Amino acid sequence: MMVSTKVVSSMLLSYHMAAVLWWCLIPLGAGAVVALGSPLEQPVTPLLRPRSQRLQPRQTCNTATNRQCWTTSPAFNINTDWEASTPVTGVTRTYTFTLTEVNNWVSGDGGFKAKAMLVNGQFPGPTITGNWGDRINVTVVNNLVSNGTSIHFHGIHQKNTNNNDGVSGVTECPIAPGRSKTYSFIATQYGTAWYHSHFSAQYGNGILGAIRINGPASSNYDDDLGPLVISDWYYGSAFTLAHRVNSPTNPYIPGFPGSPPPSDNILFNGLNRRANGASGSYRRFTLTAGRKHLLRLINGSVQASFTVSLVGHSLTIVATDMVPITPVTVTSLYIGVGQRYDVIINANQPVGNYWFNTTFSSAPCGGATNRPAMIFQYLGASPTANPTNAGTVPPDSRCADLLTYSPIVSKTVPSASFTTGNTLNTRLQISTAGGISRVYWPVNNTPMKVNWGNPTLEYVKNGNTGAMPADTNVISVPTANTWTFWLIVNNSSIPHPVHLHGHDILILGASPALAAPINPANRLRPYNPAVDGPALKVSNPVRRDTTVLPAWGWLAVAYRTNNPGAWLMHCHIAWHASQGFSVQFLEQLGSIPTTMSLDELAGNCGGWDAFYPGTAPFLQEDSGI
């Protein structure tokens, strides 16, 4: 199905094109735009409002020589704190995503995937595109045969719209097969995000895509190349793989219960050569000599983290997840699962073809059976020739985030407020119940398990959150607009990419990465308040929504309680989320029913109850998220 995008403007017709031109042109890179009336956008009658509420024409100042500016009247720019102020565009971008299930689907590398689940028949799904301040409406039609689903918009804060966060068993009942749901939210942030299903390990079968919200940038560029989704790809069904990973009796790596297999490939916007070279083709992006190009990098993997590098070129980082930063130029860049980076490539090399490589760490944070790469091709170079220079292997990332980035909009937390009282411990655990052994990743000794048919927001609606089972891992944060601090401790050899919904986290500090985390002699390196406390960075630390918890170590984070709702914080390795590595922060409980409409839960939950468990072919056997 084609993506349907409508533009709904609240400007009067009398303003005509002078009034709507800026809001209705979406830059697509290389100077191209999609205009009102194109195949992607159809005009509708503008909504009439009282004169006092009408949006006035705005002037954009966002040009190739001044990307820091966005609009001049009113003024929005790179220094605007979007937690405090957001443009109101009056524009609605409307998408319809139809999910389908295909057996033995021919992947973008020519291999056969046993069970593919696709968005509008493609992988990755269509890119959601809008401008800062637009409303985004996404109708999800579930035509899957065997699964419910929900769609999470990873990185989108869902300010005051937690009921649109798209987490099965937390913010909604799953969308049952044959039914649909419309998600609606304001793009209060700008930058690069992505969407994926949040129903067990389902997104590993293909339900994911990019989100591009246009806005200012901290460094100038000429062309926006758009999103590049880099994702691991398994030919087996994600559910089949998860079932084996969750069993301690037959691990993929002998002697390491819970270990997953390496992926069969790494795909670049869904394309690559197959590992054996028998099929597929390299993804190619075009660079124009003498111009600077913005590239939006997304790690949409189930398991794999990696380092990227472009032979002969550097990458200038301008955003970590959706947080603009002071530009930093690097020759290679580590990207954990769920993370995004906006980078600028200066096409200042001779016209030719250049390898864009992904390299894996020696530490246990994912791998593939091939040497994944794509090609950046200068305009005028051969469209079929492969590069001849393989490049230099970048330094081993050891699966560690760089914690020296400096956000443009500064945030500072009170250093005296950080204590070890709010500690979340995780470790690998094997438990047996009903004669069946399972691998878990519990938090504070409890692996999460949600009830698809009775989500957290349903408890909130009914006023009985006190009755929620202990294994829903609910943590109450009742006070509004305060800093809340958390120490996350990892009693294992596996680094974990940790993602918080609804917020950015301020990363105050972390243990150094280990060179050999699977060494059996390793032990926990606990947080030492006397030594580690003074080293915490409380003035404008790195801020993002996904960061890495080091092996055998700790991670100190903070976030501000300014967004009522039930917000997950979980490991973004799909197997570990399936095994229970998650908590949910119930934030400002008393404000949730008055901030959003909880009556919207009824339709979805009624459809789900009619489907599950009575007619469902498969029952829940994991955390459910």
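Residues numbered from 1 in each chain as written. Predicted model: local features only at pLDDT ≥ 70, side-chain atom pairs only at ≥ 80, totals over all residues. Heavy atoms only, no water.

You'll find the chain entered in an unreviewed UniProt entry as laccase, with Triangularia verruculosa given as the organism. Comment text from UniProt for the chain, heading Cofactor (unreviewed entry), reads "Cu cation". According to the UniProt record, the Sequence similarities (unreviewed entry) comment for the chain is "Belongs to the multicopper oxidase family." (UniProt positions renumbered as here; feature names shortened; annotations may be inferred.)

Draft legend 1. A look at the overall build of the chain. When you go through the chain residue by residue, the secondary structure sums to 7 helices and 37 strands. Relative to a compact globule of 625 residues, whose C-alpha radius of gyration would be 25 Å, the chain shows 23 Å and is just as compact. Each principal axis of the C-alpha atoms in the chain carries an extent, and together these give about 70 × 60 × 55 Å. A buried classification covers 59% of the 625 residues belonging to the chain. When contacts within the chain are restricted to residue pairs at least 6 apart in sequence, long-range pairs at least 24 apart make up 79% of them. A total of about 22,400 Å² of accessible surface is found on the chain, and carbon and sulfur atoms cover 55% of it. (Helix = DSSP H or I, 4+ residues; strand = E, 2+ residues; numbered from the N terminus. Rg over C-alpha atoms; globule rule 2.2 N^0.38 Å. Buried < 20%, exposed > 50% of the residue type's maximum accessible area, 1.4 Å probe, protein only. Contact = heavy atoms within 4.5 Å. Areas by Shrake-Rupley, 256 points an atom, 1.4 Å probe, with all protein chains shown as cover.)

Draft legend 2. Spotlight on the nonpolar core. In terms of nonpolar packing, the biggest core is built from 74 residues, with Leu297, Leu333 and Phe356 touching the most fellow members. Sequence-distant contacts of Leu297, defined by excluding residues within four places in its chain, comprise Leu228, Ile230, Val308, Leu333, Ile335, Gln339, Arg340, Tyr341, Val343 and Phe356. (Core = buried A, V, L, I, M, F, W, Y, C linked by side-chain atoms within 4.5 Å.)

Draft legend 3. Quick look at the packing of aromatic side chains. For the structure on display, the rule yields 26 aromatic pairs. Ring geometry for Phe76 versus Trp132: centroids 5.5 Å apart, planes at 75°, classification edge-to-face. With a gap of 56 residues between them, Phe76 in strand β6 (residues 75-77) and Trp132 in the loop between β9 (125-131) and β10 (135-142) connect regions that are remote in the sequence. On the accessibility criterion, Phe76 (6% relative accessible area) is buried. Taken together, Phe199, Trp452, Trp608, Phe611 and Tyr612 form an aromatic cluster joined through their ring pairs. A cation sits over an aromatic face here: Arg244 above Tyr252, 3.9 Å from the ring centre. (Phe/Tyr/Trp six-rings, centres within 6.5 Å; stacked < 30°, edge-to-face > 60°. Lys NZ or Arg CZ within 6 Å of the ring centre and 35° of its normal.)

Draft legend 4. Representation of the pairing of strand β25 (residues 373-378). Of all 6 residues in β25, 6 are buried, a share of seventy percent or more. As judged from the 4 bridges shared by strand β17 (residues 284-287) and β25, these two strands associate in the parallel manner. Among the inter-strand pairings, Leu287 is bridged to a residue of β25, identified as Tyr378. (Pairing = 2+ DSSP bridges.)

Draft legend 5. Region of interest: the pattern of salt bridges. What the rule picks out here adds up to 11 salt bridges. Between Asp224 and Arg212 there is a salt bridge, and its shortest N-O distance comes to 3.4 Å. One end of the pair, Asp224, is in strand β15 (residues 223-233); the other, Arg212, is in strand β14 (residues 208-214), with 12 residues separating them in the sequence. Note on Asp224: relative accessible area 6%, which makes it buried. As a salt-bridge pair, Arg340 and Asp321 come within 3.4 Å of each other at their nearest N and O atoms. Remark: Asp321 occurs in the loop between β20 (315-320) and β21 (323-330) and Arg340 occurs in strand β23 (residues 340-346); sequence separation between them is 19 residues. Side by side, Arg340 and Asp321 carry an identical accessibility label, which is buried. Each of Asp321, Arg340, Arg544 and Asp545 takes part in one network of salt bridges that share partners. (Salt bridge = Lys/Arg side-chain N within 4 Å of Asp/Glu carboxyl O.)

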